[in-house]
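Here is what each chain is made of, one letter per residue.
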Amino acid sequence: MQNRALLAAFAAVVLTTASSPAYSLPGGAAREISFAAEHDSGTIIVKTGERKLYLVTGGGRALVYDIAVGKPSEQWFGKSWVSKKREHPTWTPTPSMRARNPRLPQSIGPGPKNPLGERAINLGWGAYRIHGTNSPNSIGSAASSGCFRMRNADVKDLFERVHVGAQVLVLR
């Protein structure tokens, strides 16, 4: 009897979760949600005020990821595109970063101290990226120099889903 009750409770939880409007995908990297926006599948939409990144999947749906955004003085808005994807990237401070902190290293190669984490998705012609982080506690804050930080598991998931040339829209 107890096994049947336990099985019935488990089935109720599974059925409730499967029919909810937002659910986690395998691995827990993202949640798929209803998303009312007229954008092509594969478009990335960043909403800095929400500290969320959305990957439009089509049919009124999108995957949503938690992110860190730029400090208020470093934020930017507008359109861009995915120009390059890099696994295990090397981080090189920009000239403006070096001007603010001359003690920064010339570069940091792949590994646990790398601020870019395990993947980097370059945007347009500039120095901005969507990337992982060696500081996962920063997710949900305005902490970067204009890039969009993701947990390493999340950026690895996004990296596999987006293609070079994908549209990126950054909104407030």
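Residues numbered from 1 in each chain as written. Predicted model: local features only at pLDDT ≥ 70, side-chain atom pairs only at ≥ 80, totals over all residues. Heavy atoms only, no water.

Trainee: Before we move on, could you go through the environment of His131 and cite the residues and values that matter?
Mentor: Structurally, His131 can be placed in strand 9 (residues 129-131). When near neighbours in sequence (up to four residues on either side) are disregarded, His131 contacts Pro115, Leu116, Arg119, Ala120, Cys147, Phe148, Arg149, Met150 and Val155. (Helix = DSSP H or I, 4+ residues; strand = E, 2+ residues; numbered from the N terminus. Contact = heavy atoms within 4.5 Å.)

Trainee: Explain the nonpolar core residue by residue, including any values.
Mentor: Ile44, Leu53, Tyr65, Ile130, Phe148, Met150 and Leu158 are the most contacted members of the largest nonpolar core, which totals 23 residues. At three residues, the largest contribution of residues to this core is made by helix 3 (residues 152-161). Among the nonpolar cores identified, the runner-up in size contains eight residues, and Ile45, Tyr54, Ala62 and Val64 belong to it. (Core = buried A, V, L, I, M, F, W, Y, C linked by side-chain atoms within 4.5 Å. Buried < 20%, exposed > 50% of the residue type's maximum accessible area, 1.4 Å probe, protein only.)

Trainee: Account for the environment of Glu160, naming residues and giving values.
Mentor: Here Glu160 shows up in helix 3. Among the residues examined, Glu160 registers a relative accessible area of 59% and is labelled exposed. Once the C-alpha coordinates of Glu160 and Lys85 are considered, the two residues, 75 residues apart in sequence, prove to be 9.7 Å apart.

Trainee: Explain the pairing of strand 3 (residues 44-47) to me, and be specific about the residues and the numbers.
Mentor: The pairing of strand 3 with strand 4 (residues 52-58) spans four bridges and is antiparallel. Counted as the bridge partner of Ile45 is Tyr54 from strand 4. Hairpin connection of strand 3 to strand 4: four residues between the antiparallel strands, including Arg51 at a positive phi of 60 degrees. For strand 3 and strand 12 (residues 167-171), the ladder comprises four bridges, and the chain directions are parallel. When the sheet's bridge partners are listed, Lys47 is paired in strand 12 with Leu171. (Pairing = 2+ DSSP bridges.)

Trainee: Please give an account of the packing of aromatic side chains that cites residues and values.
Mentor: Centre distance and the angle of the planes are the two values used to describe a pair of aromatic rings. Taken as a whole and assessed by the stated rule, the structure comprises four aromatic pairs. For the pair Trp76 and Tyr128, a centre-to-centre distance of 5.2 Å together with 25 degrees between the ring planes defines the contact as stacked. Taken together, the positions of Trp76 in the loop between strand 6 (69-70) and strand 7 (78-87) and Tyr128 in the loop between strand 8 (119-123) and strand 9 put the pair 52 residues apart, joining distant regions of the chain. Look at Tyr128 and you get partly exposed, because its relative accessible area is 31%. Taking the centre distance of 5.5 Å and the plane angle of 75 degrees together, the rings of Trp81 and Trp125 count as edge-to-face. You can see Trp81 sitting in strand 7 and its partner Trp125 sitting in the loop between strand 8 and strand 9, a full 44 residues away along the chain. Judged by relative accessible area, which is 31%, Trp81 ranks as partly exposed. We classify Trp125 as exposed; its relative accessible area is 80%. (Phe/Tyr/Trp six-rings, centres within 6.5 Å; stacked < 30°, edge-to-face > 60°.)

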